[in-house]
Amino acid sequence: MKILITGASGFIGKNLLSDLENTKNDVSACYYSKEIKGYNNIKFYKLNLSDINSIKTLLKRIQPEVIVYLAWEGIPNFSKENCKNNYNNSKKFFLEAFKEKALRKILVTGSCFEISDKNKGECFEHHAELPTDEFTNAKHSLMEWLLNFKTNRVISIA
């Protein structure tokens with residue numbers, strides 16, 4: 001299976017790479033600012049999500065069946081402007097990704113920051129609250145947009 005991981009240099013991304021490195025999957029991973037080394041069976045690509053031509057080129061080259069979307073540039077900058085840029089760039093990425101005929105599944109994930117008050121400590125998905133700030137609002141809005149996106153193909157979104 002061809003898997004594309006965005007945001008591979010982050011905490012979740014690095015751990016996922018370790019789990020996928022020695023599988024039979026064809027894994028490609030994207031990073032923006034922190035180059036990733038030490039993996040023999042994974043192909044790495046620098047990707048700027050604000051560059052639509054880079055997105056198109058990458059998707060055409062990889063033709064992913066599964067996208068694990070972890071990208072969010074600028075963390076820990078949770079400002080309104082940074083969240084708006086990430087939301088818009090993410091939508092552009094997915095509009096291009098939906099054009100890929102091989103794509104069957106999109107997994108969007110993150111940390112507890114997206115589902116709960118950051119000041120409470122430990123959290124679980126069943127504790128999910130309504131968005132309380134720009135960051136959680138942008139993450140929730142992106143997921144809603146993805147779940148409501150209409151395509152003539154079956155693409156699982158989780």
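Provided above is the structure to which this section pertains.
Reference entry: report on the structure contained in this document. (Residues numbered from 1 in each chain as written. Predicted model: local features only at pLDDT ≥ 70, side-chain atom pairs only at ≥ 80, totals over all residues. Heavy atoms only, no water.)

1. Quick look at the packing of aromatic side chains
Spelled out, the test is: Only Phe, Tyr and Trp rings are paired, with Trp represented by its six-membered ring, and only when their centres lie within 6.5 Å; those with planes under 30 degrees apart are stacked, over 60 edge-to-face, the remainder tilted. Under the scheme applied here, a residue whose accessible area is under 20% of the maximum for its type counts as buried, over 50% as exposed, and between as partly exposed, the area being computed with a 1.4 Å probe on protein chains only.
This model, assessed by the stated rule, comprises eight aromatic pairs. Pairing Phe93 with Phe94 gives two aromatic rings, centres 5.4 Å apart and planes at 85 degrees, and the pair type is edge-to-face. Both residues of the pair, Phe93 and Phe94, belong to the buried class. Taken together, a centroid distance of 5.3 Å and an interplanar angle of 55 degrees make the contact between Trp145 and Phe149 tilted. What makes Trp145 buried here is its relative accessible area of 19%. Among the aromatic residues, ring-to-ring pairing joins Tyr69, Phe93 and Phe94 into one connected group.

2. Looking at the nonpolar core
The line we're drawing: Residues belong to a common nonpolar core when they are buried Ala, Val, Leu, Ile, Met, Phe, Trp, Tyr or Cys residues joined through side-chain atoms within 4.5 Å. By the criteria applied, helices consist of DSSP H or I runs no shorter than four residues and strands consist of E runs no shorter than two, each listed in order from the N terminus. Between two residues, a contact is recorded if the distance between any of their heavy atoms is within 4.5 Å.
The biggest cluster of nonpolar side chains holds 27 residues, and the ones touching the most others in it are Leu4, Ile67, Tyr69, Phe93, Phe94 and Phe98. Elements with a minimum of two residues in this core: helix H2 (52–62), strand E4 (66–69), helix H3 (80–97) and helix H4 (134–148). Apart from residues lying up to four places away in sequence, Phe94 is in contact with Tyr69, Ile106, Val108, Leu142, Trp145 and Leu146.

3. Overview of the sheet that holds strand E3 (residues 42–46)
Here is the rule we go by: In this scheme, strands are said to pair when DSSP sees at least two bridges between them. All axes here are fitted lines through C-alpha atoms, helices being fitted over the stretch that makes contact, and every angle between N-to-C directions spans 0 to 180 degrees.
Across the sheet, which stays open at both edges, the six strands sit in the order E3-E2-E1-E4-E5-E6 with parallel pairing between neighbours. Each edge of the open sheet is held by one strand with a lone partner, namely E3 and strand E6 (156–157). In the packing of H3 onto the sheet, contacts are made with strand E1 (2–6), E4 and strand E5 (105–108), and the angle to E4 comes to roughly 175 degrees.

4. Things to note about the pattern of salt bridges
Here is the rule we go by: We define a salt bridge as a contact between a side-chain nitrogen of Lys or Arg and a carboxyl oxygen of Asp or Glu at a distance within 4 Å.
For the structure on display, the rule yields three salt bridges. Among the ionic pairs, Asp26 bridges to Lys43, the shortest N-O distance being 2.3 Å. With Asp26 in strand E2 (residues 26–31) and Lys43 in strand E3, this pair connects stretches of sequence that are 17 residues apart. Across the pair Glu100 and Lys60 runs a salt bridge whose closest N-O atoms are separated by 3.4 Å. Of this pair, Glu100 sits in the loop between H3 and E5 while Lys60 sits in helix H2, placing them 40 residues apart in sequence. You can call Glu100 buried: its relative accessible area is 7%.

5. Quick look at helix H1 (residues 11–20)
Within an α-helix, residues lying three or four positions from one another point in the same direction, as the helix has 3.6 residues per turn. Cut-off, in case you're wondering: In this description, one arc is meant: the one made by directions from the helix axis to the C-beta atoms.
Among all positions in H1, only Gly13, Leu17 and Leu20 are buried. Across the axial projection of H1, the buried residues extend over an arc of 75 degrees, all falling on one side. Facing away from the buried side of H1 by more than 90 degrees, the exposed set consists of Phe11 and Asp19. Those residues of H1 that are buried are in contact with E1, E2 and E3.

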